[in-house]
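Analysis of the macromolecular model
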Amino acid sequence: MALKAPNYTLLPQGETDPLTSTRQRTQVNWRRLYQWAIPVILSIAVILALIITNIAHTGTDSDWDHHSSLPACPQYPALVSSTGNKKFEKDVLDEISSEGFFGKSVKRMQGAVQIPTESFDDMGKVGADDRWNIFVDFHAYLEKTFPLVYSKLEISHPNTYGILIEWKGKDESLKPYLFMGHQDVVPVPKVTESRWKYPPYSAHYDDRFIWGRGASDCKNVVIGVLEAFETLLEKDYIPERTMMAGFGFDEEISGWQGAFYIAKQLEDTKGKDSFELIIDEGGLGIKEMYGSMFVLPGVGEKGYHDIKITVETAGGHSSVPPDHSGIGILSQIVSAIEAKPYAPNLTPINPYFTTLQCGAEYGPSMDSWLRKTIKKSLTSKAASKKVAEYLSNDNINQRYLMQTSQAVDLINGGVKINALPERVFAVINHRIAVESRTKDVRENIQTLLQDQILKKFSMSLNAWGNVSGNTSSSAVGQVILEDFDEPLEPSPVSPFDSEAYKTFTGTIKQTFGEDYIVAPSFMTGNTDTKYFWNLSKNIYRFSPVRDDGRANAHTVDERVGMKEHIEGVKFYTQLIFNGDRK
Ligand SMILES: *[C@@H]1O[C@H](CO)[C@@H](O)[C@H](O)[C@H]1NC(C)=O
Ligand SMILES: *[C@@H]1O[C@H](CO)[C@@H](O)[C@H](O)[C@H]1NC(C)=O
Ligand SMILES: *[C@@H]1O[C@H](CO)[C@@H](O)[C@H](O)[C@H]1NC(C)=O
Ligand SMILES: [Zn+2]
């Protein structure tokens, strides 16, 4: 809030000239004093008042009020048996733990990793680009490997290569669970092939890991879910609740041909809010933190916004240039943007706030100052600010869990060394904090250009069709702001007190350890779930693989531990059993 300019109406209007006599002069000096002293005193009073109200306001913000109704780090107990047949559950899980199953699982994983289902950034549409054909092989492989899934369950193929599986439950009144994953993998660049310990599509098994592209992102998820389904079908199990699986095929290039169509088909056939629970890959892992074992499922994702900035200026011969060419102006814009990054901000709306509360509550080795300040931030905005500052300086990954990021990732301009560039552009990638919206990012950049660039250069600014600045034809040129592609708002935050969450986290503890702490976490990237927001409030991103058992997703030597993979199959199986709870 800006202070208003001092108000001079304390003096009567229409005074005589202050210099007409000595007496008058003395009087006038007093008046002058009043003129200055009173406004100064008033201003100081206003500033003090603002400071005091600000301090008093700390902790009474509605965001803070809202959070205080929940425990700082909600924990729910490990589930025991949900089907009512403990022995059956144990027999199935024992079988999954057997050596025989392990050996078969190694083969199933190897076969899946050996099919290079790469999705490329410049991929054309399905049907128009032959590079999609590899998914025919992958589908044939799945059909051969999981014969009961393919013969007993309903399978459909949204947009040709999507896979949607429906396993009808006995009780149609229960909302289904949906298990998600993606069939595609990040391509292996030719130049990196020689750096792999084992060739990326050999799927070598060294008695510990399966090595290869897609081993941990996320053929293990697809195969793990299907192994759970197939094993239960072998035992003639029929769930109470309908279970579905949906596997896209272009998650690594944003999912608009795969997951988008799967979500659309589900919304058309089942309707909005028709799923009890959706589980996809993701989360921040299963690992030791602050002296305890933590499981960190993702309950929300940042937004995404690419903004294109184009500078158009008059061309001409570069022997008689203006002081700043289009490239020069664009450079100043980029500098101005980079000089003003977003600031870290940690509010209870952010799932990371809860991750930290869990660390403070259950992590014995957390630094005592940090623990105290995190706990204090439950009711104090000022404490929360200290935590945000401390953590963002500590580690860059932590920082971007608490603020919008901005990165100038593309730049283009100039065609000839002796010609002034007429059109140059840069594109800025933003990952939007959970408290913000795409509109805030647009406004921020528009205001920055108005305040800094239009004041310096006589130009017009066309910000998403809203034109300001110097629009005359004699102006230096124009700056255009527009969306580079479809932006994405931050996801809704899935609840961590719903029945679905209790079942989901109760299954985690049942599988990984009763004493494990489940801490809701926040993701800086996006999964295919971005198309599924309408289908369920309970969307959880969680790859059920311990951190020790997975490495190097998206880079050389990607791998997954088989022991950990088996544990993941048990998790999926257990979650299906626990779906029987009513
Ligand atoms: C155009 O931008 C100005 C800020 O420069 C803003 O106040 C105004 O609301 C915008 N108009 C529209 C139609 O968006
Ligand atoms: C627009 O820019 C031209 C060229 O610099 C200048 O002559 C003119 O006065 C400017 N008009 C306004 C409204 O600022
Ligand atoms: C969700 O529903 C809204 C309202 O019907 C619709 O506009 C939107 O496109 C849907 N979102 C997705 C991701 O399909
Ligand atoms: Zn993935």
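Numbers given for residues are sequential positions, taken from 1 along each chain in its written order. Chains carry letters from A onward and ligands carry numbers from 1 onward, assigned in written order. Reporting in this predicted model follows two pLDDT cut-offs: at least 70 for local features of residues, and 80 or more for side-chain atom pairs to be given and counted; totals over whole chains, interfaces and linings ignore these cut-offs and use all residues. Heavy atoms from the whole structure form the basis of all side-chain values; hydrogens and water molecules are not counted.

Taking strand neighbours across the sheet as the criterion, the three strands line up as β7-β8-β16 in an open arrangement whose pairing is mixed. Lying at the two open borders of the sheet, with one neighbouring strand each, are β7 (286-289) and β16 (517-518). Pairing between strands is defined by DSSP: at least two bridges between them are needed. Secondary structure elements follow DSSP: runs of H or I of four or more residues count as helices, runs of E of two or more count as strands, with numbering from the N terminus. Alignment of strand β8 (residues 292-295) against β16, held across two bridges, turns out to be parallel. Among the inter-strand pairings, F294 is bridged to a residue of β16, identified as I517. Two residues form a contact once any of their heavy atoms are found within 4.5 Å. Throughout, an axis means a line fitted to C-alpha atoms (over the contacting stretch in the case of helices), and angles, computed between N-to-C directions, take values from 0 to 180 degrees. Of the strands in this sheet, β8 and β16 are in contact with helix α10 (residues 351-362), which crosses β8 at around 160 degrees.

Take the environment of S491 next. Inspection of the secondary structure assignment puts S491 in the loop between β15 (477-483) and α15 (499-512). Not counting residues up to four positions away in its chain, the partners in contact with S491 are G300, E301, W533 and R541. Polar contacts, as counted here, are pairs of nitrogen or oxygen atoms within 3.5 Å of one another; within protein the pair requires one atom able to donate a hydrogen and one able to accept it, and residues that are adjacent in sequence qualify only if both atoms are side-chain atoms. Within the structure, S491 has its side chain in polar contact with the backbone nitrogen of E301 (distance 2.8 Å).

On to the packing of helix α3 (residues 86-96) against helix α16 (residues 562-578). The contact between α3 and α16 brings their axes to 10 Å, and the two run at 160 degrees. What the angle tells us is that α3 and α16 run roughly antiparallel. Between α3 and α16 lies a crossing of right-handed hand. Residues F88, E89, V92, L93 and I96 of α3 touch α16, and the partners they reach there are I566, V569, K570, T573, Q574 and F577. Each residue is assigned to one class: nonpolar for Ala, Val, Leu, Ile, Met, Phe, Trp, Tyr, Cys and Pro, charged for Asp, Glu, Lys and Arg, and polar for all the others, Gly among them. Its residues assigned to classes, the contact of α3 with α16 comprises seven nonpolar, two polar and two charged. Should an angle fall under 35 degrees it is called roughly parallel, over 145 degrees roughly antiparallel, and 65 to 115 degrees roughly perpendicular, with every other angle called oblique. Take the far helix as your reference; a near helix turned counterclockwise from it by less than a right angle gives a left-handed crossing, and one turned clockwise gives a right-handed crossing.

UniProt tags H182, D217 and D280 as "binding site: Zn(2+) 2" (unreviewed entry). Spatial clustering of the annotated residues is evident: they stretch over 99 residues in sequence, but the largest pairwise C-alpha distance comes to 11.4 Å. For D217, the location among the structural elements is in the loop between β4 (209-211) and α7 (219-234). Note on D217: relative accessible area 10%, which makes it buried. Beyond its immediate chain neighbours, meaning those up to four positions away, D217 contacts H182, D184, V185, E252, E281, A553, H554 and E558. Within polar-contact distance, the side chain of D217 engages the side chain of H182 at 3.0 Å. Position of D280 among the secondary structure elements: in strand β6 (residues 277-280). Leaving out residues up to four positions away in the same chain, D280 has contacts with M180, G181, T527, D528, T529, Y540, R541, F542 and S543. UniProt positions are given in the numbering used here, feature names are shortened, and annotations may be inferred rather than shown by experiment. The rule is simple: take the accessible area with a 1.4 Å probe, protein chains only, and divide by the maximum for that residue type; under 20% is buried, over 50% is exposed, in between is partly exposed.

This paragraph deals with the coordination of the zinc ion (ligand 4). At the metal site, the zinc ion (ligand 4) is ligated by H182 (NE2), D217 (OD), E281 (OE) and E281 (OE), and these contacts range over 1.9 to 2.5 Å. Taken together, the four donor atoms coordinating the zinc ion (ligand 4) and their angles of 54 to 152 degrees define a geometry best described as irregular. Donors, by definition, are the N, O and S atoms found within 2.8 Å of a metal, the threshold being 3.2 Å for Na, K and Ca, and water is not counted, so a site can look incomplete. Every donor residue of the zinc ion (ligand 4) comes from the same chain, spaced as H-x34-D-x63-E. With H182 in strand β3 (residues 177-182) and E281 in the loop between β6 and β7, this residue pair connects regions lying 99 residues apart in the sequence. Owing to a relative accessible area of 9%, E281 belongs among the buried residues under this scheme. Only four donors with every angle between 85 and 135 degrees are called tetrahedral; only four or six donors with opposite donors over 155 degrees apart and all others between 65 and 115 are called square planar or octahedral, in that order; all others are irregular.

Attention now goes to the pattern of salt bridges. The term salt bridge refers to a side-chain nitrogen of Lys or Arg lying within 4 Å of a carboxyl oxygen of Asp or Glu. Taken as a whole and judged by the stated rule, the model has 27 salt bridges. Salt-bridge contacts for E193 lead to K190; the nearest nitrogen and oxygen are separated by 3.4 Å. Its relative accessible area of 67% is what places K190 among the exposed residues. Between E301 and R541 there is a salt bridge; the shortest N-O distance is 2.8 Å. In this pair, E301 is assigned in strand β9 (residues 298-301) and R541 in strand β18 (residues 539-541), connecting sequence segments 240 residues apart. The exposure classification of E301 matches that of R541, with both residues buried. Each of E154, E166, K168 and K270 takes part in one network of salt bridges that share partners.

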